Structures are given as C-alpha cells and as structure tokens.
Amino acid sequence: TIRPVRRSYYDPSSAPGKGVVWEWENDSGTWTPYDMDVGITIQRAYEKQHPWVDLSAIGFCYVIDFATMGQINRQTQRKRRVRRRLDMVYPLVTPALSSAGASGSPPGVGSAKGSRPGLGTLNRSHLQRLAIAQSRVLIASGVPTVPVKNLTGSSPVNPALAGITGILMSAAGLPVCLTRPPKLVLHPPPVSKSEIQSIPGISHSCRKTTKKQAKKGKTPEEVLKKYLQKVRHPPDEDCTICMERLSAPSGYKGPQPAVKPDLVGKLVKCSHVFHLHCLVAMYNNGNKDGSLQCPTCKTIYGVKTGTQPPGKMEYHIIPHALPGHADCKTIRIIYNIPPGVQGPEHPNPGKSFTARGFPRHCYLPDSEKGRKVLKLLLVAWDRRLIFAIGTSSTTGESDTVIWNEIHHKTEFGSNLTGHGYPDINYLDNVLAELAAQGITEESLAQEKD
C-alpha cells in the first residue's frame, strides 16, 4: 500500500512556533491537545484579544469562550473546560544531532535566531519531556504504537521511532525495554445463531426508529409557560443567554419572538432567571419537542428528544465474557443507520448525510447493572438521543452520523483505544451520561405509562 505523506512548516510566530498548546478536558478528567491547525486558530484569536472564537469555519461545531476558558458544543450546548499551556517549541530539536548550522539543516535552523538545541545540550528534564512529547504527537496522529516501558509506567511510540525514543530515554537516565504491542481485539470469537440468547426481562431483540413526526399544537410560549414563573422584580444580574441585565430589555437580535423583550421568568425546578424573550428564541432554535433544558445548569424540563436519523438497534446475549467481567456473559448491541437525507431538524435540511462505520458493535456485561444500562439505552434510542448528525471529531467530516455524548464500548477483548474493557467506572459513567440527557430509572416507568 502506498500512501502520500507531507511535511508541514509552522511559522515561528504561530502557536507551535512559540510552544503554545491548547487542550480540552475529556470525560476522564485528563487533558487532550487540539489538532495543530485547531490550536493555531484558537491561539490567533486569543492573541487578538477576541472574547471567543467559532471553530465552524474549520469544520468543528464548537465555540471557545476565552472569558470562561470553556468549549461549547453548538448543537448540544455541552461545555468542557479548555486550557492554554507552554511546552517546547516546534520542532522539538534540530534534525542534525551535532552543532547548530550543520549541513543539511533546513533554512533558518542554523541561524542565530532560528537555532534549536541539539541533544547534547538538553538536560535530563528536557530529554524526558522530549520523549513524552514525541509519543503524544504520534498518538494524536493515529500512528500504530509500541509500548516503551520505564520504571514509572509506559508510553507508546511509533515503531519506526522506538529506537530514537529509547536513546532519548536512556540519555535521560531512564531504563528502557521495548516490548511487542498488545493485540487489538474489537470483536468476540464467532457466535452461531443457536448460541445467541434473548435478554431476560426485555421484550423483543430489535428496535427501529423512523423519521421524526412533526408535532402540532402548542406554541413555544405555551410550552414555556408550564416551566416558568413570571418575575415582577428581576434580580440585579445578567441573563446568561443574551448577557444583558435582567432589569433591561433582552439583547437577542435574531428573529423576534411574540413576547415582550422586557419580561422575565424563573424556571420552577432550578430557579434560574432569564428573559422570556431569550428563552422563546432558544426554544425556537432547538428541537421544538416540548422540552426545555436550562442553559445554566442543564436541568431538563419535560421529555428531551434528539435528532437521531432512522435506523435499527439489535441486542442479545453472547456466550463470551468481557475482560474484568469473567463471572458473566456479554450483552452485544448492534446499531445500524444507513446514509440518507437530512430532515428539517438537522443542521443542513435537504442535504445528504453519510453513516460511517455501521453496523457498530457495542458491548455490556450481562450483569444486573449492565442490564439496567441496556434498558436505559433503549429509552435513549427511542428518544433519538444516541446518535446525531454533525462533524466527526476523529475525521473532521461534516454532515455525518456521530455519537451524541453517550459513550459506548466498541472494543470487546482489549482496551487499547479507551473504548474497551476492563473499565471499572464505565457503567457508572454511562449512567451519569444518560441522566444528563434526562434518562433515569424514572424514565422506564414513564415509557411503560
């Protein structure tokens, strides 16, 4: 197989040229660096002292708010923390391992301004950071890896660079042992039809969703009336939607709702206060399904539904155990969504969308808690909350089917990608993610009713 390669140059005034790294906080509480081009875009806006930057121009449906140092998903309104830190400048070292300015160095590397220290001038701390940074860059690029073990843990690196990484770590005084990479096991051993079992307590073994049916009846004002109390004397604070004082008229500048801009209301459960004008506008820009989610604390009013395209969800028990769950069999879920045309509830109505990687196989332990998670996933499927149409965070492709903030385990017999087992916190984490979408044990009773 022949694949094209390319060599990128980053201006010394850019984020990588200055050693600036922008990162976002993932669900496990650790920090993940943005792709180089995304980091450059964020840093450029930061240096120009913009209050925020919209990443939709480069294919991502996120807004970075510098005031709160948060990343906001434009579709789901979910917010994550971001941070800016300084690291070694790019490139990390000169291509030549001898003195600066040696023959064969790129233009500018040997000059007084553009020189980078050779390996001989780096101390132990810098060498350790270099080895770790090299590994992180390769992991982020998706290149196959080999574990390089030392006394404090292990770090995977590119096989072609395992040798140089070993040299760097040895120079830093760290013992090195190159080992074979563990094997990725995405799927279980073959299972015959006679070995597949239905799940006790759950009827059927397949669910289908169809196109969203247009709901008729209540206006946005009538919907919000159920969840609000009018406030005659607004508190001396800002409306967090339009950022204007609650004592002043709404600052919303879009299509004007049929509500006076100076009216103020309080949500009955969480007691957060907003302009009614802003809440109606927010509802009109959403799914318009009769539910409302507080933009401040994410409390859900009514039954939240999503925009998942039509498809099929199958589920059954297979006679194999997951790593970390040797005492039980496995629940296998198979999602299948075909490509199609976006509806009025999607980002680009009338435009076709792709569906990569289907059918997608996911796994749960066939334990009491695993069956509970499955039952709640079935509710999420019926409410069209498991998938959405948007921009893929892994490929950058737009107008494609993506996961919708409810994580699944797609790796059966290993955990090399972070989407497998063992993972002692996974079931609790996914229950919390389902609850954030308004799906709890109470939802099961609602579905029966």
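About the criteria used
- Residue positions are counted from 1 within each chain, in the order its sequence is given.
- With pLDDT at 70 or above as the cut-off, local features in this predicted model cover only qualifying residues; side-chain atom pairs require 80 or more to be listed or tallied, and sums for whole chains, interfaces and linings still use all residues.
- Note that the side-chain values use all heavy atoms of the structure and ignore hydrogens as well as water.
- UniProt positions are given in the numbering used here, feature names are shortened, and annotations may be inferred rather than shown by experiment.
- Segments assigned H or I by DSSP are reported as helices when at least four residues long, segments assigned E as strands when at least two residues long, and all are numbered from the N terminus.
- Accessibility throughout is a Shrake-Rupley quantity obtained with a 1.4 Å probe, and a residue counts as covered only by protein chains that appear here.
- Salt bridges are defined by distance alone: a side-chain nitrogen of Lys or Arg within 4 Å of a carboxyl oxygen of Asp or Glu.
- Exposure is judged per residue with a 1.4 Å probe applied to protein chains only, and the accessible area is read against the type maximum: over 50% gives exposed, under 20% gives buried, and values in between give partly exposed.
- In this analysis, strands are considered paired if DSSP registers two or more bridges between them.
- Only C-alpha atoms enter the line fits that serve as axes; for helices the fit covers just the stretch in contact. Angles between N-to-C directions range over 0 to 180 degrees.
- Contact criterion: two residues are considered in contact whenever any of their non-hydrogen atoms come within 4.5 Å of each other.
- By convention, a stacked pair of Phe, Tyr or Trp rings (six-membered ring in the case of Trp) has centres within 6.5 Å and planes under 30 degrees apart, an edge-to-face pair has planes over 60 apart, and any other such pair is tilted.
- Definition used: whenever NZ (Lys) or CZ (Arg) falls within 6 Å of the ring centre and also within 35 degrees of the ring normal, the charge is taken to sit over that ring.

Looking up the protein in an unreviewed UniProt entry gives the name E3 ubiquitin-protein ligase, with the organism given as Hippolais icterina. Reading the Pathway (unreviewed entry) entry of the UniProt record for the protein gives the comment "Protein modification; protein ubiquitination." Quoted verbatim from the Catalytic activity (unreviewed entry) field of UniProt, the annotation for the protein is "S-ubiquitinyl-[E2 ubiquitin-conjugating enzyme]-L-cysteine + [acceptor protein]-L-lysine = [E2 ubiquitin-conjugating enzyme]-L-cysteine + N(6)-ubiquitinyl-[acceptor protein]-L-lysine."

Draft legend 1. Region of interest: the overall build of the protein. For the protein, the count of helices and strands is 9 helices and 22 strands. Surface summary for the protein: the accessible area is close to 25,300 Å², and the carbon and sulfur share equals 54%.

Draft legend 2. Spotlight on the pattern of salt bridges. The final tally for this structure, using the stated rule, is 18 salt bridges. For R85, the salt bridge identified is with D87, shortest N-O distance 2.9 Å. Judged by relative accessible area, which is 22%, R85 ranks as partly exposed. Here D87 falls in the buried class, since its relative accessible area comes to 19%.

Draft legend 3. The arrangement of the sheet that holds strand β13 (residues 273–275) in detail. In space, the 3 strands of this open sheet follow the order β11-β12-β13, with antiparallel pairing throughout. Among the strands making up the open sheet, the edge pair consists of β11 (228–230) and β13. Taken pair by pair, the neighbouring strands of this sheet meet at an average axis angle of 35°, ignoring direction. Here 3 bridges tie strand β12 (residues 264–267) to β13, and the two strands are oriented antiparallel to one another. In the sheet register, G265 faces β13, and the bridge partner there is F274. In this fold helix α6 (residues 276–284) packs onto β11, β12 and β13, with an angle of close to 80° to the strand it touches most, β13.

Draft legend 4. The packing of aromatic side chains, seen in detail. The final tally for this structure, using the stated rule, is 11 aromatic pairs. Note on W22 and F66: the rings are 5.8 Å apart at their centroids and 55° apart in plane angle, and the pair reads as tilted. Residue W22 is found in strand β1 (residues 20–25), and its partner F66 is found in the loop between β4 (62–65) and β5 (70–73); the two are separated by 44 residues along the sequence. One aromatic cluster is present, built from ring pairs that chain together Y335, F358, W381, F387 and W403. Over the ring of Y301 we find K269, and its NZ or CZ is 5.3 Å from the ring centre. Over the face of the ring belonging to F358 we find R360, whose NZ or CZ atom lies 4.3 Å from the ring centre.

Draft legend 5. Expanded view of the pairing of strand β17 (residues 330–336). In terms of residue burial, β17 counts as a mostly covered element, since 6 of its 7 residues are buried. Sheet topology note: the strand β16 (residues 311–318)/β17 ladder contains 7 bridges and is antiparallel. Each bridged residue has a counterpart across the sheet, and for I317 the counterpart in β17 is I331. Here β17 runs beside strand β20 (residues 360–365); their pairing, made up of 6 bridges, is antiparallel. Note on β20: the bridge partner recorded for I334 is H361.

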